[in-house]
Structures are given as structure tokens and as C-alpha cells.
Amino acid sequence: MCYGWVIMIFFFFKQKTAYEIYQCDWSSDVCSSDLYVKPYKKEFMLSLGLTILSAFLTPVRPWLIQYAFDNYISVPDPEGLLHVTLLMIAFLFVESGVQYYSTYTMNWLGQTVIKDLRLKVYSHITGFKLKYFDNTPIGRLVTRVISDIEAIAEIFSQGLLNIMGDILQLIV
């Protein structure tokens, strides 16, 4: 999956000097996010699978409550109610575990990709000639690098898969 469009959006909405700061053509490996996401394809697919599983598990609890009420509370059956209650508790633990691991893998993936991106940007910036730093205020460089990378980090760790999971929950 290509996230290059995310980087281009952030660069497009910045001032015109963002291109000067990063000094990259869009074909370079500094600007290509495929370079950062591809090594973690397995983790991305695991996170996607857990998000989809979580979306399908979420509506089961209300269905179990309805089933318990219709079959064991309105028509008193304490033994059946106990079985459904134990099933709901077990299901709650399973659902919580799936949500935990889904969140954990999404955040791990986002932080790892951002770490790789930061290392690449750092090595890119340290490769600039000293004259560049004489002509460019260092605060502007640091602010833009940090804010752009943090915006991308937010998309990786919180945005993309959560939006998909929420939409899938609405459909289910």
C-alpha cells in the first residue's frame, strides 16, 4: 500500500519553502513511503486482520444480551442464564484481547515506520552542505521536520485502520 500521497499532501499544504527544506524530488527514496511500509507488510496485514475481526466481534455482545433476555430472563431459566452469562464473560475477554492486540500492532507499526522515516530524514539533513544552514533559519527546519513527521505518525498509528474498523462496525 502506498502512503506517498500522505507525504505529498503535507508538503503541498506547507509554504512554498517546504520543497527547499526537504530538497527532494518525488522519485527519491526519502519521499517514498513504500520504502518504510514494505518491510512491515506482515505486521500491517496482522493489524488489518485484527481490526476486521474486532469489527465482527463487537456486535455479538448485544446479540447475546438480547438472546439471554428473550430466552432466559422473560421465561425464567436460571441455569440457561448462567450459561449465557459465562459465555458473555468469556466473549468479553476474547473481544478485549483482540482489541488490545489490534491497537498494539497498529501503534507498533506506526512507531516503527516513523522511526525509520526519522532516521532517513536525519541522515538526509546531515548530508546538506553547511551553506544551506547558514541561509536557512534552523528553527524553521526543525519545526517543519517535526510537525510533518508527527502528522504522518498520527495517520499511521491512529487514522487509517481505525477508520476502516469503524466503518466496518457500522456495516456489520
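None of the values given here were measured: they were computed from a predicted structure. (Residues numbered from 1 in each chain as written. Predicted model: local features only at pLDDT ≥ 70, side-chain atom pairs only at ≥ 80, totals over all residues. Heavy atoms only, no water.)

Novice: Please clarify how the pattern of salt bridges should be interpreted in this entry.
Specialist: Note on pairing: side chains with opposite charge can pair once their charged atoms come close. Inspection of the entire model under this criterion finds three salt bridges. Here Glu150 and Arg118 are joined by a salt bridge, their closest N and O atoms 2.1 Å apart. Placement of Glu150 in helix 8 (residues 138-171) and of Arg118 in helix 6 (residues 78-126) is noted, with a sequence separation of 32 residues between them. The partly exposed category is assigned to Arg118, whose relative accessible area is 38%. (Salt bridge = Lys/Arg side-chain N within 4 Å of Asp/Glu carboxyl O. Helix = DSSP H or I, 4+ residues; strand = E, 2+ residues; numbered from the N terminus. Buried < 20%, exposed > 50% of the residue type's maximum accessible area, 1.4 Å probe, protein only.)

Novice: Looking at this model, I keep getting lost on the nonpolar core. Mind explaining?
Specialist: Soluble globular proteins: nonpolar side chains tend toward being buried together. Counting 11 residues, the largest nonpolar core is built from Ile114, Leu117, Val121, Ile125, Phe128, Tyr132, Leu141, Val145, Ile149, Ile152 and Ala153. For this core, the secondary structure elements donating two or more residues are helix 6 and helix 8. Per-element accounting of this core gives the leading share, five residues, to helix 8. Within the second largest apolar cluster, nine residues are counted, among which are Leu50, Leu64, Ala68 and Tyr72. (Core = buried A, V, L, I, M, F, W, Y, C linked by side-chain atoms within 4.5 Å.)

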